[in-house]
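For reference, the chains in residue letters:
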Amino acid sequence: MMDLLFASLFDYGLFLAKTLTLVLGIAVLLILALRARQEGDHGEHLEITDLNERYRALTQALKEFSLPKKAYKTYLKAERKREKEREKAAESDRPRLFVIEFNGDIRASEVAALRVLVTALLLEAQPGDEVLVRLDNAGGMVSEHGLAASQLARIRAKGIPLTVAVDKVAASGGYLMACVADRILAAPFAILGSIGVLAELPNFHRLLERHGVDFELHTAGEYKRTLTVFGENTDEGRQKLREQLEETHDLFKSFVAEYRPGLDLERVATGEYWHGQRAVELGLVDAIQTSDDYLLAASEGKDLLKLKYRVHKKPIERLLSSIQASLDRAFATWRG
C-alpha cells in the first residue's frame, strides 16, 4: 500500500514538474514575443545627450542637499541669470564638442554604429567644432579594427579636430584606432601600445589520431589554408603564416607612422604595452588627463553633445549576439 502511495506521489510530482516546465516555457515565449513587438517599433535612432545640462543637474542636486535654504535660493537666482546668458550665447552658435564612446571587443562590433555616427558628424560639423572619442579597446581581429580606425581617419581627413581619451586601455587594435587622433590623452594607469600581431589556435590532430579519427582537408591554391585545427600542420604552413603575420605587422607600423611620425617604431612596435606616464615618455600619448577632466574643462566654452547610435534588436537577436561574442572570445584565431 505504501509503495503504491509513493508511486502515485512520484507520478504526480513528475506530472507537476512537466506542467510547470511547459507553463514557464510558454510564458518565456510570450514575454519574448511581447518585447520583440514593443522594441521592433523603435528601430534605429540617434541618441543625443546634453552633457552640459547633466553637469548642471548634478551641481544643483549637490547644492540643494548641502546648502542652507537661503544660500540655495541665492544659487538658484544666480543660476537663472546664467541660464538667460547661456540662451543668448546659444544664439551666437557656440562651438560644439561631440563625444563618442567606443567600447571594443574582439570583433569591434561597435564599428557599425561608429560608421553612422561619423557620417552624421561629417554632415553636421561646423568650423570650431571638435570630436572626442572615449576609447576602451584591448584589440582583436585585424580587419574589423582596421575599419574602425579608418572611420576615425575620416574625421581627421575633414580637418575636424579629433581627440582620443583612453581611461582604461587602447592596445593593439585599440591603439590602431587611437593613433589616428590629433591628440591622445590617457589616464595615469591606462594601458597603451601592444603594436603587434598574433595568430593562435589549438590543434587536435594527435588526439583524433589516437582515437582513429581521420580528418581530410581539400584546398585549391597552395596557401588556401596554412594551419588547421584538426589536420596535421607542416613546417611550410607555419612559415607561410609567419610571413603573413610579419606583413600585417608591417602594415600596422606603417599606419601608426603615418599619423604619429615622431614615434620610434623600433622601440615601441615590439608588442609590449605601457601605462600612461611611460606611454607619454615614449610618444604614444600626448598628455596625462582623464576624459572626465577634459570634458569639464571644455564645458566652459563649448556645448558638449554625447552621441550614441542605438539599434534595437529583438530578444532572439540579442541572445544570438551574446552567443557569438562568447564564441569569439573562446575561438578567435587572428587578432591585431
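It should be noted that the structure appears before, not after, this text.
Quick caveat, the model's predicted, so the values are computed rather than measured.

### Some thoughts on unusual backbone geometry
The phi dihedral of Ala-108 falls on the positive side, at around 45 degrees, and the residue is not glycine. Assignment of secondary structure puts Ala-108 in the loop between β2 (96-103) and α4 (111-124). A positive phi angle is found at Ser-194, which is not glycine, with a value near 55 degrees.

### Section: the nonpolar core
Counting residues in each nonpolar core, the largest one holds 56 residues, and the members touching the most others are Val-131, Val-133, Tyr-175, Val-180, Leu-192 and Leu-284. Of all hydrophobic cores here, the second largest spans 11 residues; its members include Leu-51, Ala-287, Tyr-294 and Leu-304.

### Brief notes about the pattern of salt bridges
For the coordinates displayed, the defined rule picks out 18 salt bridges. For Arg-156, the salt bridge identified is with Asp-182, shortest N-O distance 3.4 Å. Here the residue Arg-156 occupies a position in helix α5 (residues 142-157), and Asp-182 occupies one in the loop between α6 (173-178) and β5 (183-186), the gap between them amounting to 26 residues. A salt bridge links Arg-267 to Glu-272; the nearest nitrogen and oxygen atoms lie 3.5 Å apart. Overall, Arg-267 belongs to the partly exposed group, its relative accessible area being 31%.

### Brief notes about a positive patch on the surface
On the surface, Lys-77, Arg-80, Lys-84 and Lys-88 cluster together into a positively charged patch. By the element assignment, Lys-88 lies in helix α3 (residues 69-91). Judged by relative accessible area, Lys-88 falls into the exposed class, the value being 61%.

### Notes on the packing of aromatic side chains
Scanning the model with the defined rule gives four aromatic pairs in all. With 5.2 Å between their ring centres and 55 degrees between their planes, Phe-255 and Tyr-259 make a pair best called tilted. Of the two residues, Phe-255 and Tyr-259 both sit in helix α8 (residues 235-259), four residues apart, roughly one turn of that helix. A network of ring pairs unites the aromatic residues Phe-204, Phe-215 and Phe-230 as a single cluster. The ring of Tyr-75 has Lys-63 lying over it, and the distance from NZ or CZ to the ring centre is 5.2 Å.

### Side note on α4
In this model, α4 (14 residues) spans 20 Å end to end at C-alpha, consistent with the 20 Å of a helix rising 1.5 Å per residue. All buried positions along α4 are accounted for by Val-111, Ala-113, Leu-114, Leu-117, Val-118 and Leu-121. Along the axis of α4, the buried positions cluster into a sector of 145 degrees, meaning they face one direction only. If you follow the buried residues of α4, they end up packed against β1 (44-50), β2, β3 (130-137), α5, α6 and β10 (303-311).

### So, the packing of α4 against α5
At a minimum axis distance of 9 Å, the contact between α4 and α5 shows a crossing angle of 10 degrees. On the basis of the axis angle, α4 is roughly parallel to α5. Across the interface between the two elements, Val-111, Leu-114, Arg-115, Val-118, Thr-119, Leu-121 and Leu-122 from α4 touch Glu-144, Leu-147, Ala-148, Gln-151, Leu-152, Arg-154 and Ile-155 from α5.

### Concerning the pairing of β5
Across four bridges, strand β4 (residues 162-171) lies against β5 in parallel orientation. Bridge pairing links Ala-165 to Leu-185 in β5. Pairing of β5 with strand β9 (residues 287-288) involves two bridges; the strand directions are parallel. Across the sheet, the residue bridging to Leu-185 is Ala-287, located in β9.

### Describing the environment of Leu-117
Its place among the elements puts Leu-117 in helix α4. Linking Leu-117 and Leu-46, residues 71 residues apart in sequence, is a C-alpha distance of 8.3 Å. Ignoring anything within four residues of it in the chain, the contact list for Leu-117 reads Leu-46, Ile-100, Leu-307, Lys-308 and Tyr-309.

### Things to note about a nonpolar patch on the surface
A contiguous nonpolar surface patch, about 430 Å² in accessible area, is contributed by Phe-204, Leu-207, Phe-215, Leu-217 and Phe-230. Topologically, Phe-230 is positioned in the loop between α7 (205-210) and α8.

### Thoughts on the pairing of β4
Most of β4 is tucked away: eight of the 10 residues are buried. For β3 and β4, the ladder comprises six bridges, and the chain directions are parallel. Pairing of Val-131 across the sheet is with Leu-162, part of β4. For the handedness criterion, the β-α-β arrangement of β3, α5 and β4 is classed as right-handed. Handedness of the β4-α6-β5 crossover: right-handed.

### Looking at helix α11 (residues 291-298)
Here α11 has its buried residues at Ser-291, Tyr-294, Leu-295 and Ala-298. Axial view of α11: buried residues confined to an arc of 95 degrees, hence all on one face. Check the buried side of α11 and you find it contacts α2 (51-66), β2, β3, β4, β5 and β10.

### Considering the side chain of Thr-163
Of note, Thr-163 is situated in strand β4. Apart from the residues lying within four places of it in its own chain, the contact partners of Thr-163 are Glu-130, Val-131, Leu-132, Val-133, Ala-181, Arg-183, Leu-185 and Tyr-294.

Basis of the calculations
Residues numbered from 1 in each chain as written. Predicted model: local features only at pLDDT ≥ 70, side-chain atom pairs only at ≥ 80, totals over all residues. Heavy atoms only, no water. Helix = DSSP H or I, 4+ residues; strand = E, 2+ residues; numbered from the N terminus. Core = buried A, V, L, I, M, F, W, Y, C linked by side-chain atoms within 4.5 Å. Buried < 20%, exposed > 50% of the residue type's maximum accessible area, 1.4 Å probe, protein only. Salt bridge = Lys/Arg side-chain N within 4 Å of Asp/Glu carboxyl O. Patch = residues over 30% accessible without salt bridge, like charges linked within 9 Å, V, L, I, M, F, W, Y side chains within 5 Å. Areas by Shrake-Rupley, 256 points an atom, 1.4 Å probe, with all protein chains shown as cover. Lys, Arg positive; Asp, Glu negative; His and termini not counted. Charge placed at Lys NZ, Arg CZ, Asp CG, Glu CD. Phe/Tyr/Trp six-rings, centres within 6.5 Å; stacked < 30°, edge-to-face > 60°. Lys NZ or Arg CZ within 6 Å of the ring centre and 35° of its normal. Expected span 1.5 Å × (residues − 1). Arc of directions from axis to C-beta. Contact = heavy atoms within 4.5 Å. Axes fitted to C-alpha atoms, helices over the stretch in contact; angles between N-to-C directions. Parallel < 35°, antiparallel > 145°, perpendicular 65-115°, else oblique. Pairing = 2+ DSSP bridges. Right-handed = clockwise from strand over helix to strand, strands pointing away.

Note that every value here comes from positions in space, so none of it alone points to a role or purpose.
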